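# Structural features, examined
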Amino acid sequence: MSPRLSRALGDAGSTVKEKSDKPSYNTIVPLRMEDLPAFYRPMSLRLSRVLGDIGVNSWMVRRRRRNFLMIEASATINSKLYGLDVTNFYFGSQSEGTTTPGLNSDIDLFASLNRTNIMSSWSEWEFGRTNYLMVKEETCSSQHYLLQEIRPESPEPARIPSDMFSVVDSNGRVFHSNLFSEVYARQLAENYNCHYFSSGPSHSVLKMYDIVYAFWCKSIPPECHEWFERPRPGHWPTPTMLRDVRGCGCFLWPDGHFDSCENYIEWRISPSLIERTLMFSMKTLQLKCYVVLKILKSHVINPRLNYNGKLTSFHCKIALFFAAERLPPGMWKEDRLMECIVYCLKLLLGWTNTGMCPHYLVAGVNLFHGKFTNPQLANLSKILSKIIDNHLAILAHIQADELGNRIVITHIRTVRYSEGFLISTNNSSCRWLSVFAHIRINKHLLVILSKTSDLMPKQMSIFVGLYLQTALTHAHGLPFPLIEECFRYTSKQFLSILASTAASCCIWNGYGVPRNILFLFESSLDTNVASSRLKLASFLICHNELERAVEVLNDVERRYDDSVQP
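These lines cover the structure that appears in this document, whether it is placed above or below. (Residues numbered from 1 in each chain as written. Predicted model: local features only at pLDDT ≥ 70, side-chain atom pairs only at ≥ 80, totals over all residues. Heavy atoms only, no water.)

## Considerations on the overall build of the protein
Short version of the rule: Strands here mean DSSP runs of E at least two residues long; helices mean DSSP runs of H or I at least four residues long; both are numbered from the N terminus. We call a residue buried when its accessible area falls under 20% of the maximum for its residue type, exposed when it is over 50%, and partly exposed in between, using a 1.4 Å probe and counting protein chains only. Between two residues, a contact is recorded if the distance between any of their heavy atoms is within 4.5 Å. Here, Shrake-Rupley sampling with a 1.4 Å probe gives the accessible areas, and only protein chains in the shown set may cover a residue.
Each helix and strand counted, the protein has 19 helices and twelve strands in total. Counting across all 566 residues of the protein, residues that qualify as buried make up 53%. Summarising the internal contacts of the protein: among those between residues at least 6 apart in sequence, 67% fall at separations of at least 24. For the protein, the accessible area works out to roughly 27,000 Å², and carbon and sulfur atoms hold 55% of it.

In structure tokens, the structure reads:
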């Protein structure tokens, strides 16, 4: 280890002697600017602009978040329309905006099953509900609980198994097994003759999706209380954020501890909503730092480990959380990006040397436990040290997203849209986002419309009106920031399709088209730039109103400027 690295780590060497069962929160002092190589500033600027060019920029981050929050709201409303009391969440890098095409990130779908009331204490029991009491046994790790079944008619422990997933212990207590999601996914794969994919608590029939079924607990578990109370500089997370996230509660994942004898009845606590709130509060430069850590993890670190032991994106996210809390706000600038990345790598290196990677939110958890053996940690330490000592030079050799070519070839002032294949990936990423969002939001809409093919226009109008009223009832009170915008979008899509269908029926049967159909067309115009207006123009042409059709087409042409995404 170089003398500079030793100084930068401060007393990280002494932390090896500490007890390994408790997280170490020792502060790692960042390098002083006068200790840094002269190229850190210009290379930080270049790297930051290259990352912006491959999709890690404020515009794309906002678009990703908006799209996935819209899909969340739409999926939840649709689930309720199908009679399923489920709240859907899209967590992870796709919804955070912390991915690039080269990272090929999965989509993390989180289905919260609301039919069950999770009790952290007896006072939270609810009459008539399926109630489970969180029980902490001596054999449970810090992040795991058992769920004891409680009778729905009285606050007493159940003595009779309620279904095939109930497990009775030697003391006669009935616990709920965590195997239901695996059994359901396997059965689904068998019924539809498709593949089954599993990774930790995720069980899915779609390779692109990590689907987790979980329960929500409205109370923050004791293991997270220390995070709210421990001393910190105060600039991040702010006191307001700490106050707001107390209402996020936590989830219980169907995932037992890997070396537990009773892992089939253990449930892992996950403060995923708190984590997403923290990620959404990050600056764009902090997200760029996190993306670089993930690129190094995927394309450098894990391949050099020969995948014996695995550094995960969550390890990188924990390093970012601690860095955001410890580093002063003035550090997070474009010309200091490389310094921030190195700081996070040193955090990971310090934890590797101690064998202890703390969970940012849950006390007493070692995130290296079960992921690495001691020889694998030693190998990881060598890899991290080499990356740090070589000042991230390895980034110039990464082929994913043409990252290395963009860094080496592209001049710092012309990095945005330049040199042939080194163009911005914003357009392709945006196109994928738009298509994905359109399919996910309108999938249920198409199913509903397929059932109306035999209806006359008047009957269809009544049907659509009832449908929208029902959807609005289900949408009321849902905890999504874009729930109203999602409903507005869906309803205008309905109006556009209804107008086209009704006008087509009238024209086909030789009827005069009522003026209220024109009103339906006009009411749906702002769903997008082109398609809704082209439908209106088509209607006007069929109705022999050619001058008005020309006006609409000219309006589309005026609106379709460089800012419009196809």
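## Brief notes about unusual backbone geometry
For the bond running from Trp236 to Pro237, omega is -10°, close enough to zero to count as cis. Structurally, Pro237 is set in the loop between helix H6 (222–229) and helix H7 (239–245). One non-glycine residue, Asn193, adopts positive backbone phi at about 55°. The topology assignment puts Asn193 in the loop between helix H5 (180–191) and strand E8 (197–199).

## What to know about the packing of helix H2 (residues 40–53) against helix H9 (residues 284–304)
Angle between the axes and distance between the axes: these two values describe a pair of packed helices. Quick reminder of the rule: Interaxial angles span 0 to 180 degrees and are taken between N-to-C directions of axes, which are lines fitted to C-alpha atoms, for helices over the stretch in contact. Comment on the angle field: the value is read as roughly parallel under 35 degrees, roughly antiparallel over 145, roughly perpendicular from 65 to 115, and oblique elsewhere. Asp, Glu, Lys and Arg are counted as charged, while Ala, Val, Leu, Ile, Met, Phe, Trp, Tyr, Cys and Pro are counted as nonpolar; the rest, among them Gly, fall into the polar class.
Put simply, H2 and H9 touch, their axes get as near as 10 Å, and they point 85° apart. One way to sum up the angle between H2 and H9 is to call them roughly perpendicular. Contacts from Leu47, Ser48, Leu51 and Gly52 of H2 reach H9 at Leu285, Lys288, Val291 and Val292. Residues belonging to the contact of H2 with H9 are distributed by class as follows: five nonpolar, two polar and one charged.

## Some thoughts on the pairing of strand E12 (residues 266–270)
So the rule is basically this: Any two strands with at least two DSSP-identified bridges between them are counted as paired.
Counting buried positions over the five residues of E12 gives five, a clear majority of the element. Taking every second residue as pointing to the same face, both faces of E12 are buried, with Glu266, Arg268 and Ser270 on one and Trp267 and Ile269 on the other. As paired elements, strand E5 (residues 144–150) and E12 share three bridges and run antiparallel to each other. Counted as the bridge partner of His144 is Arg268 from E12. Pairing analysis gives three bridges linking strand E11 (residues 250–253) to E12, with the strands arranged antiparallel.

## Some details on the pattern of salt bridges
Applied cut-off: By definition, a salt bridge exists where a carboxyl oxygen of Asp or Glu is found within 4 Å of a side-chain nitrogen of Lys or Arg.
The final tally for this structure, using the stated rule, is 23 salt bridges. The partner of Glu182 in a salt bridge is Arg186, and the shortest N-O contact between them spans 3.1 Å. Here Glu182 and its partner Arg186 are both found in helix H5, four residues apart, which amounts to about one turn of the helix. The exposure class assigned to Arg186 is partly exposed, which follows from its relative accessible area of 45%. Put simply, Asp555 and Arg533 hold a salt bridge, and the shortest N to O gap is 3.2 Å. Residue Asp555 is located in helix H19 (residues 546–559), and its partner Arg533 is located in helix H18 (residues 531–542); the two are separated by 22 residues in the primary sequence. Three or more residues are tied together by salt bridges with common partners; here these are Arg533, Asp555, Arg558 and Arg559.

## With respect to the packing of aromatic side chains
Here is the rule we go by: Centres within 6.5 Å make a pair out of two Phe, Tyr or Trp rings, where for Trp the six-membered ring is used; the pair is then stacked when the planes are under 30 degrees apart, edge-to-face when over 60, and tilted otherwise. We count a charge as sitting over a ring when the NZ of a lysine or the CZ of an arginine lies within 6 Å of the ring centre and within 35 degrees of the ring normal.
The tally for this structure, following the rule as stated, stands at 24 aromatic pairs. Arranged with centres 5.6 Å apart and planes meeting at 70°, the rings of Phe89 and Phe251 form a pair that is edge-to-face. Placement of the pair is Phe89 in strand E1 (residues 86–91) and Phe251 in strand E11, with a sequence separation of 162 residues. Overall, Phe89 belongs to the buried group, its relative accessible area being 7%. The buried category is assigned to Phe251, whose relative accessible area is 1%. Every member of this aromatic cluster is reached through a ring pair, and the members are Trp227, Phe228, Trp236, Phe321, Phe322, Trp351 and Tyr360. Over the ring of Tyr145 we find Lys136; its NZ or CZ atom is 4.2 Å from the centre of that ring.

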